[in-house]
Amino acid sequence: MALSSFQARTMSTGKAHIGFIGLGNMGGHMANNLLKAEYPLTVFDLSDDAVNRLCANGAKKASIQDIGANCDVVITMLPSSPHVRSVYCDDGGLLKAAKANTLFIDSSTIDPTTARDVAKEAVAAGSSMVDAPVSGGVGGAEAGTLTFMVGGPESAFDCAQHVLKSMGKNIVHCGDSGTGQVAKVCNNLILGISMVAVSEGMNLGVKLGMDPKVLAGIVNTSSGRCWSSDTYNPCPGVLENVPSSKGYAGGFGVDLMKKDLSLALMAGNDSNAQLPLGFLTHAIYEKISQAGNGKKDFGVVFDCLNKNQLK
């Protein structure tokens, strides 16, 4: 779909009619920011509560098929690759119902192969698609400051960024279809490993008697500094308003990190890229999840280390 086509279809109202499917911790905030930007919005989720919250703010509700048939742009934020394939490609899915020249934006975190396969199906159905996974967490979704890593044709990216700017502040075109997911899986591989490293260092310092705030201050002005230390420190009390200071409630769950690390390991296997730390980190989060902490924020690895639960 060319940018001129996208503009022509929205010229009469000035705003594209957007459909949003998947209103979880991230998607609900993202959809709400589209309402704040005064986009006409139609939503679907399996949770009636999630749908009702958006409808109370001005959205309309509809089925997946109706969203595909009536919206200019459809955004999906789904849990995993099988969910994406089903919502797009099943007989009752989006692609069967969509009108020509619909722009599809999938912000789920999935494997690059699935992203490319579904994009091909979208093109075959006469539409365009980009993969646009996000970084920035629930806070970024609520504040509208997300980073979008976008894979797809330049023309589709040009169209998509007009919408994405209402939900994020950093919109990056990574390349062809699937490259947004490549960027996301690499980023979260680094994030998972760095969180374990920061947790080990902070726990060692605490066990040796150091004040964790002092230690964190040194790390964050030295070579150990990273996002997991200076923005999302996993040691309780070091930072306010992060999950570690709220009993590891909310935030980015252990099971979600484990899923993203699984995607990285799968991609490493497919590309013959060695990921020794990736395997170890995945095993750590697997053990934490099996201990009943799967819904807690992934910074809970510090707590598990502090309690000697990862022997």
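Note that the coordinates shown come from a computational prediction; the quantities given were computed from them, not determined experimentally.

A.B. asks: Help me out: how do you make sense of the overall build of the chain in this one?
C.D. replies: On a plain count of helices and strands, the chain comes out with 15 helices and nine strands. Within the span of the chain, comprising 311 residues, buried residues form 50% of the whole. A sequence separation of at least 24 residues applies to 63% of the contacts in the chain between residues at least 6 apart. Element-wise, carbon and sulfur atoms account for 54% of the exposed surface of the chain, whose accessible area totals about 14,100 Å². The positive charge centre, built from 25 side chains, and the negative charge centre, built from 27, are 4 Å apart in the chain.

A.B. asks: Help me understand the packing of helix α13 (residues 254-271) against helix α14 (residues 276-293), please; the structure alone is not making it clear to me.
C.D. replies: Between two packed helices, the angle of one axis relative to the other and the distance separating the axes together describe the packing. Here α13 crosses α14 at 150°, and the two axes come no closer than 9 Å. Here α13 lies roughly antiparallel to α14, going by the angle between them. The two elements α13 and α14 meet at a crossing, and its hand is left-handed. Between α13, through Val254, Asp255, Met257, Lys258, Leu261, Ser262 and Leu265, and α14, the contact on the second element is made entirely by Gly278, Phe279, Thr281, His282, Tyr285, Glu286, Ile288, Ser289 and Asn293. A per-class count over the contact of α13 with α14 returns seven nonpolar, six polar and three charged.

A.B. asks: Please clarify how the pairing of strand β4 (residues 73-76) should be interpreted in this entry.
C.D. replies: Working note: regular strand, side chains alternate between the two faces of the sheet. Side chains Val73 and Ile75 of β4 all project onto a buried face; the interleaved residues Val74 and Thr76 project onto the opposite face, where all are buried too. Taken together, the four bridges between strand β1 (residues 18-21) and β4 define a ladder with parallel strand orientation. Each bridged residue has a counterpart across the sheet, and for Ile18 the counterpart in β4 is Val73.

A.B. asks: I'm lost on the pattern of salt bridges in this one. Help?
C.D. replies: For side chains of opposite charge, pairing can occur when their charged atoms come near one another. What the rule picks out here adds up to six salt bridges. For Lys99, the salt bridge is made with Asp72, and the minimal N-O distance between the two is 3.4 Å. Taken together, the positions of Lys99 in the loop between α6 (94-97) and β5 (103-106) and Asp72 in the loop between α4 (64-70) and β4 put the pair 27 residues apart, joining distant regions of the chain. For Lys99, a relative accessible area of 31% gives the class partly exposed. With its nearest N and O atoms 3.8 Å apart, the salt bridge here joins Lys259 to Asp260. Taking relative accessible area as the criterion, Lys259 reaches 22% and is therefore assigned partly exposed.

A.B. asks: Would you mind showing me how to read the packing of aromatic side chains here?
C.D. replies: The relative placement of two aromatic rings is captured by the distance of their centres and the angle of their planes. The final tally for this structure, using the stated rule, is five aromatic pairs. Each ring, one from Tyr285 and one from Phe298, has its centre 6.4 Å from the other, and the planes form 40°; the classification is tilted. In this pair, Tyr285 is assigned in helix α14 and Phe298 in the loop between α14 and α15 (301-306), connecting sequence segments 13 residues apart. For the pair Tyr285 and Phe298, one class covers both residues: buried. Positioned above the aromatic ring of Tyr39 is the side chain of Lys15, whose terminal nitrogen or guanidinium carbon lies 4.4 Å from the ring centre.

A.B. asks: Whenever I open this one, the nonpolar core confuses me. Can you help?
C.D. replies: Generally speaking, a soluble globular protein has its nonpolar side chains buried in company with each other. Phe20, Met30, Leu41 and Phe148 are the most contacted members of the largest nonpolar core, which totals 37 residues. Mapped onto this core, the elements with two or more residues apiece are β1, α2 (27-36), β2 (41-44), α3 (48-56), β4, β5, β8 (146-151) and α9 (154-164). No other element matches the six residues that α9 contributes to this core. Setting aside anything within four residues of it in sequence, one finds Phe148 in contact with Met30, Ser107, Ala132, Pro133, Val134, Leu164, Met167, Gly168, Asn170, Ile171 and Val172. Counting 28 residues, the second-largest nonpolar core is a separate cluster that includes Met195, Cys235, Leu265 and Val300.

The rules behind these values
- Residues numbered from 1 in each chain as written.
- Predicted model: local features only at pLDDT ≥ 70, side-chain atom pairs only at ≥ 80, totals over all residues.
- Heavy atoms only, no water.
- Helix = DSSP H or I, 4+ residues; strand = E, 2+ residues; numbered from the N terminus.
- Buried < 20%, exposed > 50% of the residue type's maximum accessible area, 1.4 Å probe, protein only.
- Contact = heavy atoms within 4.5 Å.
- Areas by Shrake-Rupley, 256 points an atom, 1.4 Å probe, with all protein chains shown as cover.
- Lys, Arg positive; Asp, Glu negative; His and termini not counted.
- Charge placed at Lys NZ, Arg CZ, Asp CG, Glu CD.
- Axes fitted to C-alpha atoms, helices over the stretch in contact; angles between N-to-C directions.
- Parallel < 35°, antiparallel > 145°, perpendicular 65-115°, else oblique.
- Left-handed = near helix turned anticlockwise from the far one by under 90°.
- Nonpolar A, V, L, I, M, F, W, Y, C, P; charged D, E, K, R; others polar.
- Pairing = 2+ DSSP bridges.
- Salt bridge = Lys/Arg side-chain N within 4 Å of Asp/Glu carboxyl O.
- Phe/Tyr/Trp six-rings, centres within 6.5 Å; stacked < 30°, edge-to-face > 60°.
- Lys NZ or Arg CZ within 6 Å of the ring centre and 35° of its normal.
- Core = buried A, V, L, I, M, F, W, Y, C linked by side-chain atoms within 4.5 Å.

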